[in-house]
Amino acid sequence: MIRLLSVVGARPNFMKIAPIVAELKKAELRKAGLKKPELKKAKNLPAIEHCLVHSGQHYDELLSGNFFADLGLPQPDVNLQVGSGSHAVQTAEIMKRIEPVLLDFKPQMVLVVGDVNSTLAAALTAAKLGIGVAHIEAGLRSFDMTMPEEINRKLTDAVSSLLFVTEQSGVENLKREGVSPEKIFLVGNVMIDSLLQHRELASRSPLLDRLGMRRLGMPRVEMGKNGSSCRDYGVLTLHRPSNVDDPETLDGILRAVSALAADLPVFFPVHPRTRKKIESFGLQRYLARSTETSSNGTRSNGTRSNRTSSNRTSSNRTSSNRRSRAERNHAGIVPLDPLGYLDFLSLNDRARIVLTDSGGIQEETTVLGVPCLTLRENTERPATVEHGSNQVVGVDSDRILAAARSILSSPARPSQRPPLWDGNAARRIVAILREHLQHNDSA
Ligand code: UD1
């Protein structure tokens, strides 16, 4: 019996672990369904017992709970419920609370994904207990040590014994840092596994109807420029401390995007930390002003209504109100609550342009072929620029607006998938893990 323990904590972790959990389950089911001769061969494959731990770094239903449901993830076996805090407090609390879980479950390997505080805390605790660490999404580097994620990435890689990499740049970074090549595996991108698995399901999300962006049954709405059955719209996401904690930077970004919102509606699912900053810096003027409540329970001036996320899927009864609201809101950025995985995928998939400071969204838009402007000075994911639809534009207001208008006035640039971003990364990872653990078990 092999015992594996995976750790998730924050929103971008959930779609990375989901295909691994599914693959582990599939492998067991496959084994159960084998006929006699195959079974004989497979008999030597040890069973894998898997434990899923949630650190509780993200605890809001909108940042965490909805994702488990959307991705078909089982409820975590353990929730450490650490909640928010300074980086030191959060990291230390996760370490303190995960140590007894590791001592009790005794995994041969701990799987961590991405670059959030939960990733580093779990990796460090496991390494200090002498437990092997496998890092999924290893090797990415922005070379910007002011980013908390860059610190987390470098330290996690330094204590990992298996490094699963999404793109060639990651392999080169790790080799340059002296990691021995037999620990490094270029396997593709588990986030893209999730995207490809859920794209069809996401296309059935009612969100675009609720926002008045889908053309079907709405004769007043013109065809999108990209020839899609949706009206042209943009999407904005912002949460990185360097962008949202500094009033001037946040003001400049919102100024550029609200000017763009005169050309097409821009929907902005607002991260809780960003919402707080917009309010405390008094920047609500950039958001569409209306006292009406949007379909997902957010007032369009950015404040939350009493409606719960469970009544987000309201009927089409008021769709015409919403349509006219979206049209009226044209002259401002339209704030929304954070969206679940499927709703957000459906929104991005049909967008004319996405503006973001997220890492994962650069990858998702590359595969969706949607032009993406990265509102940062660097990217740790250069494959999205070399192969994909991503441009790193920085945070200067004029530059953002010029780049966005240039995208809107020209035909979409063809976007290609980086090598191995084919939906099979989890299968490769589980096969390598199995071989590695089996080998070490019998050694
Ligand atoms: C974290 C990750 C970041 C990732 C992002 C996705 C780190 C260092 N950062 O940033 O890499 O891209 O998640 O969202 O791990 N909050 C809530 N509800 C929650 C969680 C947080 O309201 O469920 C608020 C709290 O005010 C908290 C703030 O958001 O203080 C920041 O949360 P935190 O988990 O520290 O970092 P994120 O900005 O979410």
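Note that the structure is predicted; figures quoted are calculated from it, not measured. Note that residues are indexed from 1 along each chain, following the sequence as it is written. The predicted nature of this model means local features are confined to residues of pLDDT at least 70 and side-chain atom pairs, given and counted, to a pLDDT of 80 or more, with totals for whole chains, interfaces and linings taken over all residues. Excluding hydrogens and water, the side-chain figures rest on all heavy atoms present in the structure.

**Student:** Summarise the pattern of salt bridges; cite the residues concerned and give the values.
**Tutor:** Within this document, salt bridges are pairs made up of a side-chain nitrogen of Lys or Arg and a carboxyl oxygen of Asp or Glu, the two lying within 4 Å of each other. In this structure the tally under the stated criterion is 23 salt bridges. When the shortest N-O distance is used, the salt bridge between R255 and D251 registers 3.3 Å. Remark: D251 and R255 occur in helix α11 (residues 247–260); sequence separation between them is four residues, near one turn of the helix. Look at the salt bridges and you will find they share partners, linking K16, D115, E137, E150, R153, E363, R376, E380 and R381 into a network. Helix numbers and strand numbers start at the N terminus; a helix is a DSSP run of H or I with at least 4 residues, a strand a run of E with at least 2.

**Student:** Tell me about the site of the ligand, and name the residues and values.
**Tutor:** Put simply, a residue is near a molecule or strand once any heavy atom of it comes within 4 Å of that molecule or strand. Around the ligand, 22 residues are found, and the nearest of them are H58, Y59, E149, H239 and K276. Note that an oxygen atom of the ligand is positioned 2.8 Å from one of the backbone N or O atoms of Y59. Two N or O atoms form a polar contact when they lie within 3.5 Å of each other; inside protein one atom must be a possible hydrogen donor and the other a possible acceptor, and for residues adjacent in sequence the pair counts only when both atoms belong to side chains. Between R273 and the ligand, the recorded distance is 3.2 Å, taken from a side-chain N or O atom to an oxygen atom. In this analysis the probe radius is 1.4 Å and the grid spacing 1 Å, with only protein atoms considered; a cavity is a set of points the probe fits into but cannot get out of, a pocket is an open set with protein on both sides within 12 Å along at least five of seven lines, and lining residues have an atom within 4 Å of a point. Think of it this way: if more than half of a molecule's atoms are within 2 Å of a pocket's grid points, that molecule is in the pocket or cavity. Placement of the ligand is best described as lying within the largest pocket. When contributions to the shell around the ligand are tallied by element, the ones reaching two or more residues are α1 (11–32), α4 (87–105), α6 (148–158) and α12 (272–280).

**Student:** Which residues make up the packing of aromatic side chains, and what values go with them?
**Tutor:** Describing an aromatic ring pair means giving the distance of the ring centres and the angle of the ring planes. Aromatic pairing here means that ring centres of Phe, Tyr or Trp (its six-membered ring) are within 6.5 Å. Orientation follows from the plane angle: under 30 degrees is stacked, over 60 is edge-to-face, and everything else is tilted. Counted under the stated rule, the structure contains five aromatic pairs. Relative to F67, the ring of F14 has its centre 6.2 Å away and its plane inclined at 50 degrees; by these criteria the two rings are tilted. Taken together, the positions of F14 in helix α1 and F67 in helix α3 (residues 61–71) put the pair 53 residues apart, joining distant regions of the chain. Throughout this description, buried means an accessible area under 20% of the type-specific maximum (1.4 Å probe, protein chains only), exposed means over 50%, and partly exposed covers the range between. On the basis of relative accessibility, which here comes to 0%, the residue F14 falls in the buried class. One aromatic cluster in this structure is built from F14, F67, F68 and Y341.

**Student:** Any details on the sheet that holds strand β2 (residues 48–54)? Residues and values, ideally.
**Tutor:** Here, strands pair whenever DSSP counts at least two bridges between them. In space, the seven strands of this open sheet follow the order β3-β2-β1-β4-β5-β6-β7, with parallel pairing throughout. Bordering the open sheet on either side are β3 (78–79) and β7 (184–186), each of which pairs with just one other strand. As paired strands, β2 and β3 are joined by two bridges and run parallel to one another. Of the residues in β3, the one forming a bridge with H54 is N79. With respect to the sheet, helix α5 (residues 117–128) is in contact with β1 (2–8), β4 (109–113) and β5 (132–138), its orientation differing from that of β4 by roughly 160 degrees. Between two residues, a contact is recorded if the distance between any of their heavy atoms is within 4.5 Å. Axes here refer to lines fitted to C-alpha atoms; in helices the fit is confined to the stretch in contact. Angles between the N-to-C directions go from 0 to 180 degrees.

**Student:** An account of helix α14 (residues 341–349) is needed here, citing residue identities and associated values.
**Tutor:** Taking burial as the measure, the nine residues of α14 include nine buried ones, the bulk of the element. Of all the residues in α14, the buried ones are Y341, L342, D343, F344, L345, S346, L347, N348 and D349.

**Student:** Outline the sheet that holds strand β10 (residues 333–336), listing residues and values.
**Tutor:** Strand pairing in a sheet is mediated by backbone hydrogen bonds. Such pairs are either parallel or antiparallel. What the six strands build is an open sheet, ordered β10-β9-β8-β11-β12-β13; its pairing is parallel. Because the sheet does not close on itself, it has two edges, and the strands there are β10 and β13 (390–392). Across the sheet, the axes of successive neighbouring strands diverge by a mean angle of 20 degrees, strand direction being ignored.

**Student:** Before we move on, could you go through α3 and cite the residues and values that matter?
**Tutor:** Buried within α3 are the following residues: L62, L63, S64, N66, F67, F68 and L71. Following α3 by one or two positions, G72 has its phi on the positive side, about 65 degrees.

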